[in-house]
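Summary of structural features
For reference, the chains in residue letters:
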Amino acid sequence: MTGPEPVPGDARPSLAVWKFASCDGCQLTLLDCEEELLALAGAVRIAHFTEMSRASIAGPYDVSLVEGSITTEEDARRIREVRESSRTLVTIGACATAGGIQGLRNFAASGEYARAVYAHPEYLASLDTSTPVEQHVHVDLALHGCPIDRGQLLEVVTALLAGRRPVLPGHSVCEQCKARGTVCLLVAGGTPCLGPVTRAGCGALCPAVDRGCFGCFGPADTANTEALARRLISDGLATDALVRLFRTFNAGAPAFEKEGRAHEPRHPAS
Ligand code: SF4
Ligand code: SF4
């Protein structure tokens with residue numbers, strides 16, 4: 001990595017932002033912190049953030065934010081370099097924490113999606129799987145969501161600057177529905193909703209506009225997916241729809257992956 005040298009005497013902690021297989025939505029959440037961005041830029045030295053600037057200062061870095069999943073050999077090599085150059089590594093978003101939407105390839109025959117989408121899939125050099133960063137290197141902290149929540153991101157950065165543990169929710173979206181007074185879609189209307197097993201963070205955005213939660217913040221700390229699946233099936237949800245519900249943005253998160261696999265159709269042995 002090349003670029004301008006840090007200003008001598010600049011004691012601010014350095015922050016680097018890295019992109020792997022992702023849509024950039026989580027990095028944009030950082031740029032969306034419009035009111036706080038100037039204060040943040042004053043408190044940290046933004047050393048590497050290609051979404052924002054071509055300038056890049058060589059590591060080591062105090063904090064690295066990592067967006068995206070590992071989908072190529074090159075990614076697997078590069079994430080080890082990022083780890084080695086970072087004192088604290090924070091994964092941001094469903095791609096980095098659970099493999100993301102691209103993790104759906106983990107449930108298909110190798111190359112099936114590539115053949116469906118590309119005229120010449122033979123030119124692609126990607127792995128058969130999309131895996132979360134923590135399957136490759138040690139992760140100090142994970143921020144969930146697709147995309148992540150702006151408030152949670154600021155909480156993590158300010159907590160790290162202050163040398164304390166960030167306060168992040170482990171409870172479910174259901175509690176946020178109750179807090180904002182949203183009538184339960186599942187109980188009142190039988191709408192399939194992953195709110196009971198999904199980590200809070202969005203403020204129960206979808207139920208507030210009459211849409212069931214599809215789990216973009218990934219599993220809550222104590223997600224009883226088995227009980228929810230039983231309830232959804234007894235409400236009439238077909239098993240293929242149930243599997244799809246668990247396989248969206250966080251298909252590779254262990255609790256959702258396990259529940260999805262439990263309801264896959266069993267093929268007779270050939
Ligand atoms: S988690 Fe969602 S918003 Fe963030 S990079 Fe991945 S696809 Fe984009
Ligand atoms: S309600 Fe569920 S799907 Fe909607 S934003 Fe929140 S976590 Fe994501």
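Bear in mind the structure is a predicted one, so any value in this text is a computation, not a measurement.

What counts, and where the lines are drawn
Residues numbered from 1 in each chain as written. Chains lettered and ligands numbered in written order. Predicted model: local features only at pLDDT ≥ 70, side-chain atom pairs only at ≥ 80, totals over all residues. Heavy atoms only, no water. Axes fitted to C-alpha atoms, helices over the stretch in contact; angles between N-to-C directions. Helix = DSSP H or I, 4+ residues; strand = E, 2+ residues; numbered from the N terminus. Parallel < 35°, antiparallel > 145°, perpendicular 65-115°, else oblique. Left-handed = near helix turned anticlockwise from the far one by under 90°. Contact = heavy atoms within 4.5 Å. Nonpolar A, V, L, I, M, F, W, Y, C, P; charged D, E, K, R; others polar. Core = buried A, V, L, I, M, F, W, Y, C linked by side-chain atoms within 4.5 Å. Buried < 20%, exposed > 50% of the residue type's maximum accessible area, 1.4 Å probe, protein only. Domains from an automatic or database assignment. Buried area = accessible area lost by both parts, 1.4 Å probe. Salt bridge = Lys/Arg side-chain N within 4 Å of Asp/Glu carboxyl O. Polar contact = N/O pair within 3.5 Å; in protein donor to acceptor, adjacent residues only side chain to side chain. Near = heavy atom within 4 Å.

**Here we look at the packing of helix α10 (residues 225-234) against helix α12 (residues 254-262)**
Interaxial distance between α10 and α12 falls to 10 Å at its minimum, and their mutual angle equals 40°. One element, α10, and the other, α12, form an angle in the oblique class. α12 is crossed by α10, and the crossing has right-handed handedness. Counted together, T225, E226 and A229 of α10 and A255, F256 and E259 of α12 form the full contact between these two elements. Within the contact of α10 with α12, the residues separate by chemical class into three nonpolar, one polar and two charged.

**As for the nonpolar core**
In this structure, L30, L65, V90, I92, L143, I148 and L153 are the most contacted members of the largest nonpolar core, which totals 17 residues. Within the residue set of this core, elements represented by two or more residues are β1 (14-19), α1 (25-31), β3 (61-67), β4 (86-92), β5 (141-143) and α6 (150-162). No other element matches α6, which puts three residues into this core.

**Brief notes about the domain arrangement of the protein**
For the protein, the domain assignment lists domain 1 (14-162) and domain 2 (173-262). The C-alpha-based centres of domain 1 and domain 2 are spaced at 25 Å. A per-residue breakdown of the area domain 1 buries against domain 2 is headed by A98, F107 and H144, which together make up 45% of the total. One can count zero salt bridges joining domain 1 with domain 2. Applying the counting rule to domain 1 against domain 2 returns one residue pair in polar contact (both at pLDDT 80 or more). At three residues, helix α4 (residues 94-98) tops the list of elements feeding residues into the side of domain 1 that touches domain 2. Its residues placed into classes, the side of domain 1 that touches domain 2 shows eight nonpolar, six polar and one charged.

**Some details on the environment of A94**
Locating A94 in the fold gives a position in helix α4. Among the residues examined, A94 registers a relative accessible area of 2% and is labelled buried. Expressed as a C-alpha distance, the spacing of A94 and Y113, which sit 19 residues apart in the sequence, is 20 Å. If we ignore the near neighbours within four places in the chain, the residues touching A94 are G99, G100, G145, C146, C216, F249 and N250.

**A few points about the packing of α10 against helix α11 (residues 239-246)**
Relative orientation of the contacting elements α10 and α11 amounts to 145°, with a least axis distance of 10 Å. α11 is crossed by α10, and the crossing has right-handed handedness. On α11, the residues touching T225, A229, L232 and I233 of α10 are T239, L242, L245 and F246. Tallied by class, the residues present in the contact of α10 with α11 amount to six nonpolar, two polar and no charged.

**Structural notes on the site of ligand 2**
Taken together, T198, C202, C206, P207, C213, F214, G215, C216 and F217 form the complete shell of residues around ligand 2. Its residues assigned to classes, the shell around ligand 2 shows seven nonpolar, two polar and no charged.

**Notes on the side chain of H263**
Assignment of secondary structure puts H263 in the segment after α12. A relative accessible area of 19% places H263 in the buried class. Among the polar contacts listed, one links the side chain of H263 to the side chain of E259, at a separation of 2.8 Å. Setting aside anything within four residues of it in sequence, one finds H263 in contact with A229, I233, T239, L242 and V243.

**Comments concerning the site of ligand 1**
In the region of ligand 1, the neighbouring residues are S22, C23, D24, G25, C26, E67, G93, A94, C95, G145, C146 and P147. Within the residue set of the shell around ligand 1, elements represented by two or more residues are α1 and α4. Within the shell around ligand 1, the residues separate by chemical class into six nonpolar, four polar and two charged.

**As for unusual backbone geometry**
Between G59 and P60 the backbone carries a cis peptide bond, its omega angle lying at 5°. Cis rather than trans, the peptide bond between C146 and P147 has omega equal to 0°. Tracing the chain through its elements places P147 in the loop between β5 and α6. One non-glycine residue with positive phi stands out, namely D210, at about 70°. Note on placement: D210 falls in the loop between α9 (205-208) and α10. On the accessibility criterion, D210 (60% relative accessible area) is exposed.

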